Amino acid sequence: MKAIYLDNNATTRTDPSVVDAMLPFFTEHFGNASSAHSFGAEVGTAVKAARQQLQQLLGATHDHEIIYTSGGTESDNAAILSALEALPDRNEIVTSKVEHPAILSLCEHLEKTGRAKVHFIGVDGSGQLDIEAYRAALSDKVAVVSLMWANNETGTIFPVEGLAELAKEHGALFHTDAVQAVGKTPISLKDSAIDMLSLSGHKLHGPKGIGALYVKKGARFKPLIRGGHQERARRGGTENVPAIIGLGKAAELALQHMAEEQGRVKELRDRLEKAVLQRVPNCIVNGDRHDRLPNTTNIAFEYVESEAILLHLNRGGVAASSGSACTSGSMEPSHVLKAMEIPEAALHGAVRFSFSRDNVSEDVDRVVEALPGIVEKLREMSPFWADAEKKTNDSKPVFA
Amino acid sequence: MWEYSDKVQEHFFNPKNAGVLDGANAVGEVGALSCGDALKLMLHIDPVTEIVLEAKFQTYGCGSSIASSSALTELVIGKTLEQARAVTNRDIADFLGGLPPEKMHCAVMGHEALQAAIANFRGEVWRPEHEEAALVCKCHGVDARAIERAIRDNGLSTVEQVGAFTMAGTGCTTCYEQIEDILLRVATEAAAASAASAAPQVAEIARPETVAAAPAPAPVAPRPGSLNLFSAAVRAASTAPAPAKPIVRPAAESSPLSPASPLPPPSAGMTNLKKIRLIEETIEDLRVYLRKDGGDCELIDVDGSNVLVSLTGACVGCQMASVTVSGIQERLMAKLGVPIRVIPVGRNAH
Ligand SMILES: Cc1ncc(COP(=O)(O)O)c(C=O)c1O
Ligand code: FES
């Protein structure tokens, strides 16, 4: 039985043509891009071409607005820390409660160590930002606003372009963690007010351990990692050339597949969602029904715990994930769903299915076949199910 | 991702005795929706023989809580109430071929449901003795409460000391910063609580970095088994005026990292053999209590005034760990009348 991978927000399969593009840069073209001789020159040219591929995917004005990093986490850290250093007379950060730990734990740490005052803006039930609270937090004390483009757990998309305009009014730098958005939704940074943007290779069928930070020309930047003059002295260290080439290829492919992502992949997701809602009573889709990544659905099943569902799915050859890290002694539910104030009965029962262009229609069939029985079996075992109010779900396509 | 034994998987995928037991005469319910897990244990007990004739469960929770519930029913069926009462969370975990440390609370839930059901049968109401606290050290299954208690009871001020007492932070070291935070919090609370005059001194201790950075010749981190911690404490004790506790918070200027000075010789007049026998007896007495909580303690070695014990069972995983260590230590010192340091050691390398 073929294993079905529906956890593409965690990571994606490296596209075979990405691997093909990378391989020569381990062996044949092993030169250091900084070297003056021909070994270096050919590599330098290839790196530039890769940078332009990424520039196109982002719709950036210049290729040198892209700084390669080790991934989304480094890009996020570099952006925030740079802003605090670049604007020393401002010491506040505005971010949201639903960011990835790459932003959240850094901000908590900065707050704890007294290096910044952080505003964690809340969200509503669909995961959308509380705009009023956001406006209220902005001031000329804010060095940087960091708000994610799309949420990794629910797929909810923040209106970052507009949010960036608001930040500009107060002279703050605007950063967005677009790790989940890049490659899934069209992006054009040319005319936007976004100063910095993080992305990560392995979320768009590129290699792991490579990412980039876009820094708009003219935006102030202070390097996180100092060393040689690589990346125009904005990120020291010999370039990870094979990965950079791979990310370039992945960007090119992502652009080619953008329509498919918005079309075929979205249809797979919608079909799964609709079928599950029809067949399984008492479940909720978490996320913004109007503004959501095309590949992500987060479905919470009342009165069952997500790990139990995932174990059953895994045995049936289906890989999905739950937002909640059920690892602490007290079973902490996901910080995203908690911020959304998901009803108690569903808070621990959320399962995230995230698709990619690698998925096919049969994958949906398999899940739709397996899931109702799994949930039913677990609910029968649950002490709360017998007395629970049974609710059929809206079987109309929820996300028309 | 999942480190579940085959036995856990077996009891999760094909749980035994799941469902409602009609005619149950002992029901124990623990947990809640909001906690993410809950268990309702239903027993049919023969009123005359007090033998558990049937047992069924309903569980809401993760894989290991369902498996633990299934294991629990298998363990108690056919036992008398008294035998069933002795089933501990460790028994449940052992039956399942072990549980990952962060999942031990599932077995604890099983144990608690059993106590609740037995109380229900007797017409009593059962109350949990402890609430769960957030797990800090996953390697050794130590939660925030245990660490806080160890810090408070023993006046600890460094992560290394916390490690020596509770094992927390001595594995992968991922939890190092969290332990620092707890140290800071406890010290801050202590500072707030103590008189204003004492505040500056406590504040000094409050920062683990400060202590670590204090001019200490050859800062050797005290590991379980090294004498540094104890000797520093003893020195502090001998210079401080009449401390009530055998181990007091080291004065700020005497860094706990200072090199070891030789320990006072173990109580003169007592033969080694007699001493070891006394230690053995004391620990044997304590084991009765520990086993009740599903834990155990074994004497491994006596080395001067260091008593090496191995904590097993629930002691390792539960919040009792540090209490156990300091409890054993206090008992031994009371019995022997000499300073003793109890050092928990693993029997096997981790
Ligand atoms: C929204 C978001 N930000 C940041 C990251 C971290 O990216 P990376 O794994 O490349 O460090 C992830 C992926 O886990 C993510 O989903
Ligand atoms: S989690 Fe504490 S040492 Fe590994």
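Residues numbered from 1 in each chain as written. Chains lettered and ligands numbered in written order. Predicted model: local features only at pLDDT ≥ 70, side-chain atom pairs only at ≥ 80, totals over all residues. Heavy atoms only, no water.

Visitor: I'd like to hear about the overall build of chain B, residue by residue, with values.
Guide: Counting secondary structure elements, chain B contains 14 helices and eight strands. Within chain B, the proportion of its 350 residues that are buried is 49%. Across chain B, contacts joining residues at least 24 apart in sequence account for 61% of those joining residues at least 6 apart. In the structure as shown, chain B presents an accessible area of about 15600 Å², 55% of it carried by carbon and sulfur atoms. (Helix = DSSP H or I, 4+ residues; strand = E, 2+ residues; numbered from the N terminus. Buried < 20%, exposed > 50% of the residue type's maximum accessible area, 1.4 Å probe, protein only. Contact = heavy atoms within 4.5 Å. Areas by Shrake-Rupley, 256 points an atom, 1.4 Å probe, with all protein chains shown as cover.)

Visitor: Hey, could you go over the site of ligand 1 for me, with residue numbers and the actual values?
Guide: Residues and elements named next belong to chain A. Close to ligand 1 lie 13 residues; Thr73, Asp177, Gln180, Ser200 and Lys203 are nearest. A distance of 2.8 Å separates an oxygen atom of ligand 1 from a polar backbone atom of glycine 72. Within the contact set of ligand 1, an oxygen atom lies 3.0 Å away from a side-chain nitrogen or oxygen of histidine 202. Here ligand 1, which alone exposes 390 Å², has 84% of that area covered by the protein. (Near = heavy atom within 4 Å. Polar contact = N/O pair within 3.5 Å; in protein donor to acceptor, adjacent residues only side chain to side chain.)

Visitor: Tell me about the interface of chain B and chain A, and name the residues and values.
Guide: Counting residues at the interface gives 33 residues for chain B, matched by 28 residues for chain A. Summed over both sides, the interface of chain B with chain A buries roughly 2600 Å², with 62% coming from carbon and sulfur. For the interface between chain B and chain A, the tally reads three salt bridges. Among the ionic pairs, lysine 112 of chain A bridges to aspartate 181 of chain B, the shortest N-O distance being 3.0 Å. If you list the elements that add at least two residues to the side of chain B that touches chain A, you get helix H1 (6-13), strand E2 (37-45), strand E3 (52-60), helix H2 (63-76) and helix H8 (176-193) of chain B. The element contributing the most residues to the side of chain B that touches chain A is E3 of chain B, with four residues. (Buried area = accessible area lost by both parts, 1.4 Å probe. Salt bridge = Lys/Arg side-chain N within 4 Å of Asp/Glu carboxyl O.)

Visitor: Residues and numbers for the domain arrangement of chain A, please.
Guide: Residue and element names in this part refer to chain A. Structurally, chain A comprises domain 1 (4-10 + 258-381) and domain 2 (16-256). Of note, the centres of domain 1 and domain 2, computed from C-alpha atoms alone, are 28 Å apart. Taken together, the contact pairs 27 residues of domain 1 with 32 residues of domain 2. When domain 1 packs against domain 2, close to 2400 Å² is buried across both sides, 53% of that on carbon and sulfur atoms. Where domain 1 touches domain 2, the interface holds zero salt bridges. Inspection of the domain 1/domain 2 interface yields 17 residue pairs in polar contact (both at pLDDT 80 or more). (Domains from an automatic or database assignment.)

Visitor: Lay out helix H5 (residues 104-121) of chain B with the relevant residues and their values.
Guide: All names here are of chain B. Between the first and last C-alpha of H5 there are 26 Å, a value that for 18 residues agrees with the 26 Å anticipated at 1.5 Å per step. Judged by how many residues are buried, H5 sits mostly within the fold: 16 of 18 residues are covered. One or two steps after H5, the chain reaches glycine 123, where phi turns positive at roughly 75°. (Expected span 1.5 Å × (residues − 1).)

Visitor: Report on the sheet that holds strand E4 (residues 117-121) of chain A, specifying residues and quantitative values.
Guide: Residues and elements named next belong to chain A. Read from one edge of the open sheet, seven strands run E2-E8-E7-E6-E5-E3-E4, paired in mixed fashion. If you trace the sheet from one side to the other, it starts and ends with strand E2 (66-69) and E4, each paired once. Each neighbouring strand pair of the sheet contributes to a mean axis angle of 20°, computed without reference to strand direction. Pairing between strand E7 (residues 196-200) and strand E8 (residues 211-215): five bridges, direction antiparallel. (Pairing = 2+ DSSP bridges. Axes fitted to C-alpha atoms, helices over the stretch in contact; angles between N-to-C directions.)

Visitor: I'd love a proper account of the nonpolar core, names of residues and values included.
Guide: With 69 residues, the main nonpolar core has Tyr68, Tyr134, Val145, Trp149 and Phe174 of chain A as its most contacted residues. With nine residues, the single largest contributor to this core is helix H8 (residues 241-256) of chain A. Domain assignment of the residues forming this core places at least three in each of domain 1 (4-10 + 258-381) and domain 2 (16-256) of chain A. Counting 65 residues, the second-largest nonpolar core is a separate cluster that includes Ala275 and Val375 of chain A together with Tyr4 and Val87 of chain B. (Core = buried A, V, L, I, M, F, W, Y, C linked by side-chain atoms within 4.5 Å.)

Visitor: Requested: an account of the pairing of E2 of chain A, with residues and values cited.
Guide: Residues and elements named next belong to chain A. Where burial is concerned, the two faces of E2 agree: the one with Ile66 and Tyr68 and the one with Ile67 and Thr69 are both buried. Note: E2 against E8, four bridges, orientation antiparallel. Bridged to tyrosine 68 within E8 is alanine 212.

Visitor: Can you lay out the environment of proline 339 of chain B for me, pointing to particular residues and giving the numbers?
Guide: Take proline 339 of chain B: it is sitting in the loop between helix H14 (320-336) and strand E8 (341-344). Once the C-alpha coordinates of proline 339 of chain B and asparagine 306 of chain B are considered, the two residues, 33 residues apart in sequence, prove to be 9.0 Å apart.

Visitor: Can you explain the packing of aromatic side chains? Please cite residues and give values.
Guide: Applying the stated criterion across every chain yields a total of four aromatic pairs over all chains. Aromatic side chains tyrosine 303 of chain A and tryptophan 385 of chain A sit 6.0 Å apart centroid to centroid with 55° between the ring planes, which places their arrangement in the tilted category. On the criterion of sequence distance, the pair formed by tyrosine 303 of chain A in the loop between strand E10 (296-301) and helix H10 (306-315) and tryptophan 385 of chain A in the segment after helix H13 (361-381) is long-range, its members being 82 residues apart. For tyrosine 303 of chain A, a relative accessible area of 14% translates into the label buried. Measuring from ring centre to ring centre gives 5.0 Å for phenylalanine 12 of chain B and phenylalanine 13 of chain B, while their planes differ by 65°; the resulting arrangement is edge-to-face. (Phe/Tyr/Trp six-rings, centres within 6.5 Å; stacked < 30°, edge-to-face > 60°.)

Visitor: Go over the pattern of salt bridges, please, and point to the residues and values.
Guide: Any two side chains of opposite charge can pair, on the condition that their charged atoms come close. Summed over all chains, the structure comprises 26 salt bridges over all chains. Here aspartate 270 of chain A and lysine 266 of chain A are joined by a salt bridge, their closest N and O atoms 3.1 Å apart. One end of the pair, aspartate 270 of chain A, and the other, lysine 266 of chain A, are both in helix H9 (residues 258-279), four residues apart, so they sit about a helical turn from each other. Overall, the relative accessible area of 27% leaves lysine 266 of chain A in the partly exposed class. For arginine 85 of chain B, the salt bridge identified is with glutamate 82 of chain B, shortest N-O distance 3.6 Å. Here glutamate 82 of chain B and arginine 85 of chain B lie together in helix H3 (residues 81-85), a separation of three residues that amounts to about one turn. Taking relative accessible area as the criterion, arginine 85 of chain B reaches 34% and is therefore assigned partly exposed. One network of salt bridges, in which partners are shared, links Glu50, Glu82, Arg85 and Arg122 of chain B.

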